[in-house]
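Observations on the three-dimensional arrangement
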Amino acid sequence: MEVMKKRGFCQLLLITALLVGSATLFFVIGALGPPSSRVTYHHFHTCVVPSAGGHIWDPTYELINDESCNKIGRHLEMEAKATLKDYPLQNILFYTQIPYIKDHVMSRLFQHLITDLGIQFSSTDYIRRLMDYGLNMLRFEVALGYRDAVQGPWHRMARANVTRTLRCQLNNWGYLSCDHLPFFELGSCHHKQYLVNLVFPSLPLGNSLKEFSGLAPVSKLTTYVMHQSIGFTRLWLALKSVCCPVTALALVWFLRRAAAAVSTSLIEKSLAFLGTCLVLYNVPLELLSLFFDCPWLLVANDFRQGLFIAALFSFWVIFVGEHKPVMQAMSLRHCLVPFRCFHSHNYHRLIML
């Protein structure tokens, strides 16, 4: 009996040391490994075309870039603020390319693409009036295209009419500045280059105040692009490819032990469910994005993560519920003897007095 207890204690120490060592190794890899994300910013160019909104919604028109802008319109630099009031917003189209340098291409190891839109207004008086009048809703039309060759044609990917809420506040230097607006998000970075076209149908106060007509309130338009770094993606996929079979083998071993038992308790069933969710969470689905376009990948990862967190929370609730009556019974049994001895001792003291 003593030998079996000693053997079980040694196995417990071995498993604990293995788990602590694995956690320490993962922390070291995370601390010394490559950065997880990368952020770049891209300035929008301005093109004057006969009908900017028509290029967004008409599928027969090609997306506007440097070459097509020179064919059907002309460039208008944002620095030429004196001429911004002369053009109606319906004829002004903004465009930018991702990546910003034409000869560069995106990598499928970037996994996903998250973008924010930064708008810099020309005067704080315009922002203050927007906040005073409660005109903080900004509407714009956007079209997204892609191509798989550096000199190839652009293909339409999506188009939408978007409304965002401006949130402006005083910064540390006493100037009014607005937060970045959520722009668009791609579940997988499958294509080599992307092209963004953007049109403002109208700007707040543009029709009522002459000094804010046209494109005069806007001084700069920038998009901030965030994606995973290549080194982090390679490390992440390697770790998931190693951990997934290990957790699957551990789950199979536990299920076989549980099936061989006479009866299975609720906590063992919850532990089996937690292990199943962990195995599903460790499956390297991101490998599919290296070969196929997977726009659903972000939703699938969020679903897997939410399922694992719910399983973990349920396990802890069941674990506490199973052990609480036992702990209460043990504490009551340990407290009854001192309580009885204390009263007996005081009773004898009272008789002596």
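What follows covers the side chain of E286. Within the secondary structure, E286 sits in the loop between α6 (266–282) and α7 (297–352). What makes E286 buried here is its relative accessible area of 6%. What E286 contacts, discounting residues up to four positions off in sequence, is Q111, W236, L237, K240, L297, N301 and R304.

Attention now goes to the sheet that holds strand β12 (residues 218–228). The strand order across the open sheet built from four strands is β1-β12-β5-β10, with neighbouring strands paired in antiparallel fashion. Looking at which strands have only one partner, the edges of the open sheet turn out to be β1 (37–43) and β10 (181–186). On average, each strand axis in the sheet is inclined to that of its neighbour by 25°, with strand direction left out of account. Relative to β10, strand β5 (residues 113–121) runs antiparallel, the two being bridged by four bridges. Among the inter-strand pairings, I114 is bridged to a residue of β10, identified as E185.

Let's shift gears to the side chain of S270. Mapped onto the secondary structure, S270 falls in helix α6. Residues within four places of S270 in sequence aside, it is in contact with F315 and I318.

Once that is clear, we can look at the packing of aromatic side chains. For any pair of aromatic rings, the description rests on two quantities: the centre-to-centre distance and the angle between the ring planes. Enumeration over the complete set of coordinates arrives at 11 aromatic pairs. With a centroid separation of 6.4 Å and an interplanar angle of 45°, the aromatic rings of Y41 and Y224 are classed as tilted. Residue Y41 is located in strand β1, and its partner Y224 is located in strand β12; the two are separated by 183 residues in the primary sequence. For Y41, a relative accessible area of 53% corresponds to the exposed category. Centre to centre, the rings of F94 and F200 are 5.8 Å apart; their planes meet at 80°, and the pair counts as edge-to-face. Of this pair, F94 sits in strand β4 (residues 92–98) while F200 sits in the loop between β11 (193–199) and β12, and the two are 106 residues apart along the sequence. With a relative accessible area of 1%, F94 lands in the buried category. Grouping aromatic residues by their ring pairs yields a cluster made of F44, F94, F140, F183, F184 and F200. In this structure, K240 is placed above the aromatic ring of Y281, and the distance from its NZ or CZ to the ring centre is 5.8 Å.

A word on the confidence of the model for the chain. When pLDDT is averaged across the chain, the result is 78; 77% of the residues are at 70 or more. Note on residues 339–353: pLDDT under 50 across the span, and zero contacts to partners over four residues away in sequence or across chains.

Moving on, we get to the pattern of salt bridges. Pairing is possible between side chains that carry opposite charge, provided their charged atoms lie close to one another. Evaluation of the coordinates by the stated rule reveals two salt bridges. Across the pair E286 and K240 runs a salt bridge, and its minimum N-O distance is 3.4 Å. With E286 in the loop between α6 and α7 and K240 in helix α5 (residues 230–260), this pair connects stretches of sequence that are 46 residues apart. Both residues of the pair, E286 and K240, belong to the buried class. Across the pair E286 and R304 runs a salt bridge, and its minimum N-O distance is 3.7 Å. With E286 in the loop between α6 and α7 and R304 in helix α7, this residue pair connects regions lying 18 residues apart in the sequence. With a relative accessible area of 10%, R304 lands in the buried category. Residues participating in the shared-partner salt-bridge network are K240, E286 and R304.

Here the focus is the environment of Y133. By the element assignment, Y133 lies in helix α4 (residues 124–133). Along the primary structure Y133 and P204 are separated by 71 residues, whereas in three dimensions their C-alpha atoms are 9.9 Å apart.

Before going further, it helps to examine α6. With 17 residues, α6 should reach 24 Å at 1.5 Å per residue; the first-to-last C-alpha distance of 24 Å fits that figure. Taken residue by residue, α6 has I267, S270, A272, L274, G275, C277, V279 and N282 as its buried positions.

The rules behind these values
Residues numbered from 1 in each chain as written. Predicted model: local features only at pLDDT ≥ 70, side-chain atom pairs only at ≥ 80, totals over all residues. Heavy atoms only, no water. Helix = DSSP H or I, 4+ residues; strand = E, 2+ residues; numbered from the N terminus. Buried < 20%, exposed > 50% of the residue type's maximum accessible area, 1.4 Å probe, protein only. Contact = heavy atoms within 4.5 Å. Pairing = 2+ DSSP bridges. Axes fitted to C-alpha atoms, helices over the stretch in contact; angles between N-to-C directions. Phe/Tyr/Trp six-rings, centres within 6.5 Å; stacked < 30°, edge-to-face > 60°. Lys NZ or Arg CZ within 6 Å of the ring centre and 35° of its normal. pLDDT = per-residue confidence, 0-100. Salt bridge = Lys/Arg side-chain N within 4 Å of Asp/Glu carboxyl O. Expected span 1.5 Å × (residues − 1).

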